Amino acid sequence: MSGISSFKNLQPSQLINELIEYLETELPNFTSSDEFVEILAVKKNENQHSTAFCVYMTNKCASRFCFQRENIQKSSSTVDVGIYKGANLLFTIEAKVLPTPLSSKRKEHEYVFGKGGGIERFREEEHGVDNKNNLLPESGMIAYVKTHDFNHWFSIINQWVSDASWLEEEKLEIVFFDKIARLKSNHLRKGGSKVALHHFWVYVS
């Protein structure tokens, strides 16, 4: 019960700030970790990267947070990563590989919009809900970057936002580029509310 009690005693925004700081601190060491090396030894697709990410972050956090793969959202939708504090789902993350592995079902702009579109799923309220289907005010995206640098993807992804005919205010803004990239964006959901997205990009080549 301690996890639930501690959750009730903390403001959601305080927990999210703590989580973001934790991600900023630990993610730069992800690709040199045993979890990354061992879990991605053979399979190197998006799902396996997210499995390695969840195991690594959970192992590092000393029970502060629990990172879970494939969390159910609305209807039959699942989000790649759900982050819990106690029994409470407080943050969801959609994962993408950059560049998108292309196929008949996957298009290059999948990070933003289209079938499987990452940001679009949050705008459509398919992703970014807790276990009772309440909309979360903040969620995230993680990109496993295999080619090109952060500046390249910053330009490309904001062009895709324009291509989707979304508001100019929905373009990504840089927080910092270092060993990892941190960006943020704000989007209008179909029900009229807004969602803030925290973007984390990490080189995985």
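Residues numbered from 1 in each chain as written. Predicted model: local features only at pLDDT ≥ 70, side-chain atom pairs only at ≥ 80, totals over all residues. Heavy atoms only, no water.

*Asks:* Is there a simple way to think about the overall build of the chain in this case?
*Replies:* Looking only at helices and strands, one finds 6 helices and 7 strands in the chain. Secondary structure of the chain in N-to-C order comes out as α-α-α-α-β-β-β-α-β-α-β-β-β. Here the C-alpha atoms of the chain give a radius of gyration of 16 Å, agreeing with the 17 Å that 2.2 N^0.38 yields for 205 residues. Taking the principal axes of its C-alpha atoms as reference, the chain extends roughly 45 × 45 × 35 Å. By residue count, 47% of the 205 residues in the chain fall in the buried class. In the chain, the share of contacts with a sequence separation of at least 24, taken over all contacts with a separation of at least 6, comes to 57%. Accessible area of the chain: about 10000 Å², with a carbon and sulfur share of 49%. Both charge centroids of the chain, one from 24 positive and one from 26 negative side chains, sit 5 Å from each other. (Helix = DSSP H or I, 4+ residues; strand = E, 2+ residues; numbered from the N terminus. Rg over C-alpha atoms; globule rule 2.2 N^0.38 Å. Buried < 20%, exposed > 50% of the residue type's maximum accessible area, 1.4 Å probe, protein only. Contact = heavy atoms within 4.5 Å. Areas by Shrake-Rupley, 256 points an atom, 1.4 Å probe, with all protein chains shown as cover. Lys, Arg positive; Asp, Glu negative; His and termini not counted. Charge placed at Lys NZ, Arg CZ, Asp CG, Glu CD.)

*Asks:* What's the story with the pairing of strand 5 (residues 173–177) in this structure? I'm lost.
*Replies:* Where a strand is regular, its side chains alternate between the two sheet faces. Bridge analysis of strand 5 against strand 6 (residues 180–188) gives 4 bridges, and the strand direction is antiparallel. By the bridge assignment, Phe-176 is partnered in strand 6 with Arg-182. What sits between strand 5 and strand 6 in their antiparallel hairpin is a turn of 2 residues. (Pairing = 2+ DSSP bridges.)

*Asks:* Would you take a moment to explain the sheet that holds strand 7 (residues 194–203) for this structure?
*Replies:* Each strand in a sheet pairs with its neighbour through backbone hydrogen bonds, running either in the same direction (parallel) or in the opposite one (antiparallel). Strand order in this open sheet of 7 strands is 1-2-3-4-7-6-5, and the pairing throughout is mixed. Single-partner strands in this sheet number two, and they are strand 1 (66–72) and strand 5. Shown here is a sheet whose adjacent strand axes are inclined to one another by a mean of 25 degrees, direction ignored. Note that strand 6 and strand 7 share 9 bridges and pair antiparallel. Paired with His-187 across the strands is Val-195, a residue of strand 7. Packing of helix 4 (residues 46–60) onto the sheet brings it into contact with strand 1, strand 2 (78–85), strand 3 (88–98) and strand 4 (138–145), and relative to strand 1 it is tilted by some 145 degrees. Packing of helix 6 (residues 150–163) onto the sheet brings it into contact with strand 3, strand 4, strand 5, strand 6 and strand 7, and relative to strand 7 it is tilted by some 145 degrees. (Axes fitted to C-alpha atoms, helices over the stretch in contact; angles between N-to-C directions.)

*Asks:* Sorry if this is basic, but what is going on with the environment of Val-42 here?
*Replies:* By the secondary structure assignment, Val-42 is in the loop between helix 3 (34–39) and helix 4. Taking the relative accessible area as the measure of exposure, Val-42 reaches 74% and is therefore exposed. Along the backbone, Val-42 and Glu-70 are 28 residues apart, and their C-alpha atoms lie at a distance of 21 Å.

*Asks:* Just checking my understanding: could you explain the environment of Asn-45 for this structure?
*Replies:* By the secondary structure assignment, Asn-45 is in the loop between helix 3 and helix 4. Once the C-alpha coordinates of Asn-45 and Lys-96 are considered, the two residues, 51 residues apart in sequence, prove to be 9.8 Å apart. One polar contact links the side chain of Asn-45 to the main-chain amide nitrogen of Asn-47, over a distance of 3.3 Å. (Polar contact = N/O pair within 3.5 Å; in protein donor to acceptor, adjacent residues only side chain to side chain.)

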